[in-house]
Amino acid sequence: MNLLVKSKPEGRDVVALADGVLTYVGFSAHRLSVGERLPVSTGDKEICLVLLSGRISVSGEAPGQGGFNWENLGDRQSVFEDKSPFAVYLPPGSQADVTALSAVQIAVCAAPGDASKDLPARVITPDTMKRSVRGRAANTRYVCDILPDSEPAHSLLVVEVRTPSGHSSSYPPHKHDTDDLPHQSFLEETYYHQVNPPQGYVFQRVYTDDRSIDQAMAVENNDLVTVPKGYHPVSVPYGYESYYLNVMAGPKRAWQFHNDPQHSWLLDL
C-alpha cells in the first residue's frame, strides 16, 4: 500500500483519498475560483469543511434543522497566516453548496456518522478554536484544534499544525493504533500538507514496531499522507515552513497516543 497520494497541480480537485483505503477517515481538498460551487452530500457520514483560504458562502439543509445559509465566511488568504480557520460541521443526511466569493482552498473531512446522535449543522468560528504551542527548541510547532474531542461530533477529529523551518513535528514519534483506552486509542489519520514557499518539500515516515509498514516519503505541496497505523513523524528542511491538516477517526472518539519507546528519551531534552 502506497501511503503517499500525490496532488494535481491544476483543476478543482487537488487531492483525494480513494474510497475504501481507510475504514473511518475520508478526505479531499479542492481549489475554487470566484463564483464556482462545490456540492457536498454527507450521506451516512459526518463532514467538517475546513476553509483553508479565501471566502465562501454555504447553504443547504440538514435533518431536523431545515435550511441554513451562512454568508461571507473566511478571513485568511493562506494557511501560513497566524489565524485560525472558519469551518462548517455537517451531520449525516445533509446537503450543502459551497460558493466561492474569492479564490478558495477548502478541505472536506469525513468520518462515519452515528444515527443515535442528533447534531445540528453549524459554523465553527475561529474564536472558538483552541490554539497552543507544543514542544520546545527545534521541536516547537503551533497547533489549532478545529474539531477536538471536547466539541460535539460523532467520530471526527480535525486539527491543523504549522511547523517552522528546520523543525520536527509529530515528534517524538507516536502512534494511536490500539483500542486500549485510557492508555491508547485506535484512530486512523490523514495528513494534508502544504509547504511555504510552495516549491519545497517535507519528509514524513510512517512505520510500525514490527516494520510491516515502513515508508519514508518526500512530501510536496498539497500532497496527502495516509496513516492506517503506526508512528508518523514529520521533518521540515531548513528554509521551508510546513502546514498540515490532520483528520482522525476510529471506533471511539478519543485521542490518546503512545510514544515510540526507542525515542522517548527525547522528551527529557
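Fair warning: this is a prediction, and the values are worked out from it, not measured in the lab.

(A) View of the overall build of the protein. Secondary structure summary: the protein contains zero helices and 25 strands in total. Relative to its 269 residues, the protein shows a buried fraction of 52%. When contacts within the protein are restricted to residue pairs at least 6 apart in sequence, long-range pairs at least 24 apart make up 75% of them. When the 23 positive and 32 negative side-chain charges of the protein are each reduced to one mean point, those points stand 3 Å apart.

(B) Spotlight on the layout of surface pockets. Looking at the largest pocket, its volume works out to about 700 Å³. Taken together, 34 residues make up the lining of the largest pocket; nearest its centre are R134, R141, S170, Y171 and H174. For the lining of the largest pocket, the elements supplying multiple residues, two or more each, are β13 (141-147), β14 (157-163), β15 (168-169), β19 (188-196) and β24 (241-249). The element contributing the most residues to the lining of the largest pocket is β14, with four residues. Approximately 330 Å³ is the volume attributed to the second largest pocket. Along its surface, the second largest pocket is lined by 21 residues, and D19, G26, F27, K45 and A110 are the ones closest to its centre. Sorting the residues of the lining of the second largest pocket by element identifies β3 (26-32), β5 (45-53) and β10 (104-112) as the ones contributing at least two each.

(C) Representation of the environment of P198 in the model. Within the element layout of this structure, P198 appears in the loop between β19 and β20 (201-207). Separated by 26 residues in sequence, P198 and P172 have C-alpha atoms that sit 26 Å apart.

Analysis parameters
Residues numbered from 1 in each chain as written. Predicted model: local features only at pLDDT ≥ 70, side-chain atom pairs only at ≥ 80, totals over all residues. Heavy atoms only, no water. Helix = DSSP H or I, 4+ residues; strand = E, 2+ residues; numbered from the N terminus. Buried < 20%, exposed > 50% of the residue type's maximum accessible area, 1.4 Å probe, protein only. Contact = heavy atoms within 4.5 Å. Lys, Arg positive; Asp, Glu negative; His and termini not counted. Charge placed at Lys NZ, Arg CZ, Asp CG, Glu CD. 1 Å grid on protein atoms, 1.4 Å probe; cavity = no way out; pocket = protein on both sides within 12 Å on 5 of 7 lines; lining within 4 Å. Points joined across faces, edges and corners; volume = space filled by probe spheres on them.

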